[in-house]
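Single-letter residue listing:
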Amino acid sequence: MDQPTPVRAVVLAPTTPPADAVLPPRAPEAPAPGSLLGSHYDHCFGCGPQHPQGLQLVVTAGEGLEVTAEFTVRVAHQGAPGLAHGGLLATAMDETLGSLSWLLHAPSVTGRLETDFVRPVPVDSALHISAWVTGVHGRKIYGAAEGRIGGPDGPVAIRAQALFVQVKLEHFTSHGRPEDIKNVLDDPDLIKRARAFEVNP
């Protein structure tokens, strides 16, 4: 008699902060509210201005531990005809949530991202994203975000929660493709070099 195949369970890290997590103060070195954060890497698919098919997401520092971001869904971003690809929308949420690291002055990488897709986002729509820190516990940074169609008061299209893990600079310089790392390190613009390695990749 055939035995049923056992279900494979996977234990995932939660994206909700534990009860003893804290909301730290905004770092003194954080960009001022209203400042454009710019890209952390010119060729980043999420925020890089030189990535021709990328999101070219524009992120602005908000008050406290919040940021806002916006991008316009283009033809190259579609999944179903005339609609944004769901994975692309998740990328936009990840990029925005990763930008929260600038407010804490704590380089980090994505550990886990959960998304809820509420409604489809048509091509040519602007997606306005708000993200905020929900807690910090040791090296773990927790955040949440929502994306609205057309502006901050538009209908909600996507929600997300994420767990980020703080890392050292060596995480980026030892794992990236050597020629890309060299190009960034050789850039005479010190600020661009620092930004390339201090935000979620």
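Quick caveat: nothing in here was measured; it's all calculated off a predicted structure.

Quick word on the nonpolar core
Of all hydrophobic cores here, the largest spans 38 residues; its most connected members are Phe-71, Leu-97, Val-121, Leu-127 and Ile-129. Phe-71 has contacts with Leu-55, Leu-57, His-77, Leu-88, Leu-89, Ala-92, Ser-125, Ala-126 and Leu-127, leaving out every residue within four places of it along the chain.

Considering the state of the cysteines
Under the criterion given, the structure shown has 0 disulfides. Looking at the unpaired Cys-44, the closest cysteine sulfur is the one in Cys-47, lying at 3.8 Å.

Some details on unusual backbone geometry
With a phi angle near 50°, Gln-56 is a residue other than glycine that sits in the positive phi range. Look at Gln-56 and you get partly exposed, because its relative accessible area is 33%. With a phi close to 80°, Asp-124 is a non-glycine residue in the positive phi region. Residue placement: Asp-124 occurs in the loop between β3 (108–117) and β4 (126–137).

A short note on the pattern of salt bridges
Counting across every chain of the model gives 2 salt bridges. With a closest N to O distance of 2.6 Å, Glu-114 and Arg-112 form a salt bridge.

Structural notes on the pairing of strand β2 (residues 66–72)
Only one face of β2 is buried: it carries Val-67, Ala-69 and Phe-71, and the other face, with Glu-66, Thr-68, Glu-70 and Thr-72, is open. Here 4 bridges tie strand β1 (residues 58–61) to β2, and the two strands are oriented antiparallel to one another. Its bridge partner lying in β2, Val-59 is registered against Ala-69. The turn linking β1 back onto β2 is made up of 4 residues, and Gly-64 within it adopts a positive phi angle of 55°. When β2 meets β4, the two strands line up antiparallel, connected through 7 bridges.

As for the pairing of strand β5 (residues 140–149)
Strand residues, when the strand is regular, have side chains that alternate between the two faces of the sheet. Within β5, 8 of the 10 residues are buried, which leaves the element mostly enclosed by the surrounding structure. Of the pairings in the sheet, the one linking β4 to β5 comprises 10 bridges and is antiparallel in character. Each residue of the ladder has a partner; that of Val-136, found in β5, is Ile-141. Linking β4 back to β5 in an antiparallel pair, the connection comprises 2 residues, with Gly-138 at a positive phi of about 65°. Here β5 pairs with strand β6 (residues 156–166) via 9 bridges, running antiparallel. Considered in β6, the bridge of Tyr-142 is made with Leu-163. Between β5 and β6, which pair antiparallel one after the other, the connecting turn spans 6 residues, and Gly-150 there sits at a positive phi close to 90°.

So, how was this worked out
Per chain, the residues get numbers from 1 upward, laid out in the order the sequence is written. In keeping with the model being predicted, local features are shown solely for residues with a pLDDT of at least 70 and side-chain atom pairs are shown and tallied solely at 80 or more, while totals for entire chains, interfaces and linings include all residues. Here the side-chain values reflect all heavy atoms present in the structure, with hydrogen atoms and water set aside. Think of a nonpolar core as a cluster: buried Ala, Val, Leu, Ile, Met, Phe, Trp, Tyr and Cys residues, connected wherever their side-chain atoms sit within 4.5 Å. Partly exposed describes any residue whose relative accessible area lies between the buried limit of under 20% and the exposed limit of over 50%, with all areas from a 1.4 Å probe on protein chains only and scaled to the type maximum. Pairs of residues are marked as contacts when any of their non-hydrogen atoms sit within 4.5 Å. Here, a disulfide means two cysteine sulfur atoms that sit within 2.5 Å of each other. Secondary structure elements are defined from DSSP: runs of H or I of at least 4 residues count as helices, runs of E of at least 2 residues count as strands, and each element is numbered from the N terminus. Any carboxyl oxygen of Asp or Glu within 4 Å of a side-chain nitrogen of Lys or Arg constitutes a salt bridge here. DSSP-based pairing: two strands are paired if at least 2 bridges between them are found.

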